[in-house]
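If you want the building blocks of each chain, they are given just below.
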Amino acid sequence: MNEFDEEISSLIYEIKEKTVKCWNCNFCFSGCPMFQAGRGWWSYGPSGLTWSLYYGIELGLLDKSGPEAKELVRNIYGCTTCNTCTNTCRDSSASIPILEIIEKGRMLLVERGIGPMTQQKKALESLQNYGNPYALSANKRLDWLGDRGVKKLPEQKAGVLYFVGDAASYEPELHNVARSIVKLFEFFGIDFGILEQEKSCGEVALRIGDRGLFEELSNQNIRSFKKSEAKTIVTTSPHCMNVLKKDYGSYLQDILEIKHYTEFFADVLAQKPVSFQGEFPHSTTFHDPCYLAKHNDITEPARRLLKAIPRLSFKEMRLSGQDSLCCGGGGGRIFADVDEEHRPEYTRLEQALEVGAEVVATACPWCNTMLRTAAADLKADDRIRVMDVAEILVEALGI
Amino acid sequence: MEKDSKEQEITSFLRGIVGKDNVSVSVFEKIKQSVDAFPYHVTMAHLPYTVALPENKEQISQVLKYANRERIPVFVRGSGTQLAGSSRPHRPGIMINTSRMRKYELFEDYGYIECEPGLHNREVIDLLAERGWFLPQLVGSALIASLGGLASNNTSGHVIDAAIGKVGDYIHGVEVVLPTGEIIETGTKGMRRPAGTDLTKYFVGGDGLLGVITKIRYRLVPLGKQAYGIAIFKDLKRIARSVKRMYTEKVPPPLFMEFMDHKVSTIAYSVKNMEPPPGPVIFFVGYGEDEDIARKKMSLVLEVFKGEKPVEAYQVTDQAEWRKLWSAREVIAPYLMKANEGILVGAELVANLAQTGMKEGFPFGGG
């Protein structure tokens, strides 16, 4: 058996072994954004996906040309990877690693040449060619910075390495998020820098199921991290933070502390109270990014930051913290047009409108994009603004 | 081949009734719609010809008229959480799933709520609780169990009949599509139930055999307060005698009461990373119009239990502690099934354990 066959056999074994322990209680459907977004099909939701993989293998349906394989790709890549199902199963049922099975299924579909979705294939090609999923030149990665002078690692040295990430680097609407985080570093007097040649963290490749590509990208970043001699990495995106912590290998965590920026600045603020010179007198709610709340149980830092702002009236949505509703942008969905009846981002924006918030704050570039799109599509952008917590802090601090 | 042509014919007809987007011949959908917790695996020969997601009673009526005329079996399903196999098809037919029928109308001035069958137990409990009302139904699968299935089973779940009756006592009427396709409405919209024969009772608890429930009318009940108690005994006999005493000494029965013998409680506590209790455990919930009444009822149970000399017996005042204790009981079923070749042999957990020959301790590794 060659290495490729061994890889496939091992994936098949793990998918079947883990799935068969599920007792079909269906509790995992209760908070699933994908099931809620769909028409009510039970194959379009957590244990619907795992059992589809199981029987797809058992019945030999994972043939490239078969209609079942096409359907499986559509369903398996409909998952937002928000982790609600796994948490529900852990708390209320048999502790099946549902998301892990789905992700192994994606790897299997990629290995078999069936997955991912067409648009996601383009994102993977771009990651391979340009080091980012947007098919934009690596030279444009620092455009967001303008002529602002910051240390460039690893040639220059700094204690904190700010890992900007693909979305904040390349999406013009998100440039202000990265600039705001830089302003916060400067305001608090933190010795920080960014990588001269940052590469994608590779999370998209990993979530879509291309482990090989992920390893290529992560190895390049790891080399830069080591050279930089930084002690802490602070990320814009919860997705980058999650993948750096969990998939870059434990040795990275041995030499570095990895934090999301909301955690980092909540700690800084606790040690160094500040006076807010600006104004942010708006009723504000917070949308928890899944890769903070549902994957890492980080729900409080962003709230602590927002609640520290004078005259900001904080409103909690009905679903919040670990029970929050996913925006629908994770798991590579941001790079695909998933045809669903009730889009998760619309439902989530409606929940923010329900509590009468003027601003919905988030701390993830993709949540930001998803919710902004929802506000525009629902013609609600005159009633509610989508902002990143960092942007709100900058406005409130008057910097 | 014969099945294929039949499938095509049925599917084409159903598309005309419920719309092409609401009909599926996907093998994955058919499989998922054909399994529940007992047993694990699907019987491929029983897969439905097609699965339909109707949106209203008229569509269901047309499907049933067609199926009746063509002699095609029809299976109706909600969330598939039944533990005894009744949501599984046992031969090819049309599978109707109610997951698109999720509307409700609350008539607070008239004292009732009307719900479509695809709504889930927990979401209706929550939406009523927000307005100070109580749904007297809390099943272990509340997170996802559909109201249609629950009404067909007339199950109250953990709610003790002796305390407040069955959920059927609060269902004042249903809208049903009969197998002939005829649509009927039973019961009353009034606060009092009709005297004499009430057709509602044929459908609530009718296991879905007599028709498809398309709307359920629940009487609104004011939401009360709860107080929690727990007692741990040396042996099961003391628990049995305690419960008997509760009835003979005329103590108001608790709203919920569940017990676990020592083996089950050891597993359940270990799953939730708690120190295993020193013996069998019984939990109970006092329920009343206000906190004092709830506490009083819980204390009465506690006092009567103390007569059987428990190792420990106390009120649980910390909500987080109660949730943890209760969730230990709630998650136990899948672990017991695994110990018993994937089969839950009876309604009560302890009965399952007796079949396993399981020894003391926790045989499954970490939770």
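Before going into details, it helps to say that this report is about the structure given with it.

Some remarks on the sheet that holds strand β1 (residues 23-24) of chain B
Residues and elements named next belong to chain B. Pairing in this open sheet of four strands is mixed, and the strands run β1-β2-β4-β3 from one edge to the other. Strands at the two margins of the open sheet, each flanked by one partner only, are β1 and β3 (74-77). For β3 and strand β4 (residues 94-97), the ladder comprises four bridges, and the chain directions are parallel. Residue Val74 lies in a different strand from β4, and its bridge partner there is Ile94. The sheet strands contacting helix α3 (residues 57-70) are β3 and β4, and the helix crosses β4 at an angle near 165°.

Focus: a nonpolar patch on the surface
A contiguous nonpolar patch, built from Leu199, Tyr202, Leu209 and Leu210 of chain B and spanning about 430 Å² of accessible area, is present on the exposed surface. If you trace the backbone, Tyr202 of chain B turns up in helix α7 (residues 200-203).

Focus: the packing of helix α14 (residues 261-271) of chain A against helix α16 (residues 300-307) of chain A
All names here are of chain A. Between α14 and α16, whose axes approach to 8 Å, the crossing angle comes to 50°. When the axis of α14 is compared with that of α16, the two are oblique. As for how α14 packs across α16, the hand of that crossing is left-handed. Of α16, the residues touching α14 (which contributes Thr262, Glu263, Phe265, Ala266, Asp267 and Leu269) are Pro301, Ala302, Arg304 and Leu305. Split by residue class, the contact of α14 with α16 holds six nonpolar, one polar and three charged.

Some details on unusual backbone geometry
Residues and elements named next belong to chain A. That bond from Gly115 to Pro116 is cis: its omega, -5°, falls within 30 degrees of zero. Positionally, Pro116 belongs in the loop between α6 (98-111) and α7 (118-130). At the junction of Leu153 and Pro154, the peptide bond is cis and its omega measures out at 5° in the coordinates. Here Pro154 is to be found in the loop between β1 (151-153) and β2 (160-163). Its identity is not glycine, yet Asn83 carries a phi of approximately 85°, on the positive side. Of note, Asn83 is situated in the loop between α4 (67-76) and α5 (84-92).

Re α6 of chain A
Residue and element names in this part refer to chain A. Given a rise of 1.5 Å per residue, 14 residues ought to cover 20 Å, and the 20 Å separating the end C-alpha atoms of α6 matches this to within 8%. What α6 keeps buried is the set Ile98, Leu99, Ile101, Ile102, Glu103, Lys104, Gly105, Arg106, Met107, Leu108 and Leu109. Looking at the residues trailing α6, positive phi occurs at Gly113, about 75°.

Points about the nonpolar core
Of all hydrophobic cores here, the largest spans 141 residues; its most connected members are Tyr162, Phe185, Phe225, Tyr248, Phe265, Val389 and Ile392 of chain A. Membership of the second largest hydrophobic core comes to 57 residues, among which are Val124, Ile125, Tyr287 and Ile332 of chain B.

Thoughts on a negative patch on the surface
A contiguous patch of negative charge on the surface is contributed by Glu3, Asp5, Glu6 and Glu7 of chain A. Considering the arrangement of structural elements, one finds Glu6 of chain A in helix α1 (residues 3-19).

Analysis parameters
- Residues numbered from 1 in each chain as written.
- Chains lettered and ligands numbered in written order.
- Predicted model: local features only at pLDDT ≥ 70, side-chain atom pairs only at ≥ 80, totals over all residues.
- Heavy atoms only, no water.
- Pairing = 2+ DSSP bridges.
- Helix = DSSP H or I, 4+ residues; strand = E, 2+ residues; numbered from the N terminus.
- Contact = heavy atoms within 4.5 Å.
- Axes fitted to C-alpha atoms, helices over the stretch in contact; angles between N-to-C directions.
- Patch = residues over 30% accessible without salt bridge, like charges linked within 9 Å, V, L, I, M, F, W, Y side chains within 5 Å.
- Areas by Shrake-Rupley, 256 points an atom, 1.4 Å probe, with all protein chains shown as cover.
- Salt bridge = Lys/Arg side-chain N within 4 Å of Asp/Glu carboxyl O.
- Parallel < 35°, antiparallel > 145°, perpendicular 65-115°, else oblique.
- Left-handed = near helix turned anticlockwise from the far one by under 90°.
- Nonpolar A, V, L, I, M, F, W, Y, C, P; charged D, E, K, R; others polar.
- Expected span 1.5 Å × (residues − 1).
- Buried < 20%, exposed > 50% of the residue type's maximum accessible area, 1.4 Å probe, protein only.
- Core = buried A, V, L, I, M, F, W, Y, C linked by side-chain atoms within 4.5 Å.
- Lys, Arg positive; Asp, Glu negative; His and termini not counted.
- Charge placed at Lys NZ, Arg CZ, Asp CG, Glu CD.

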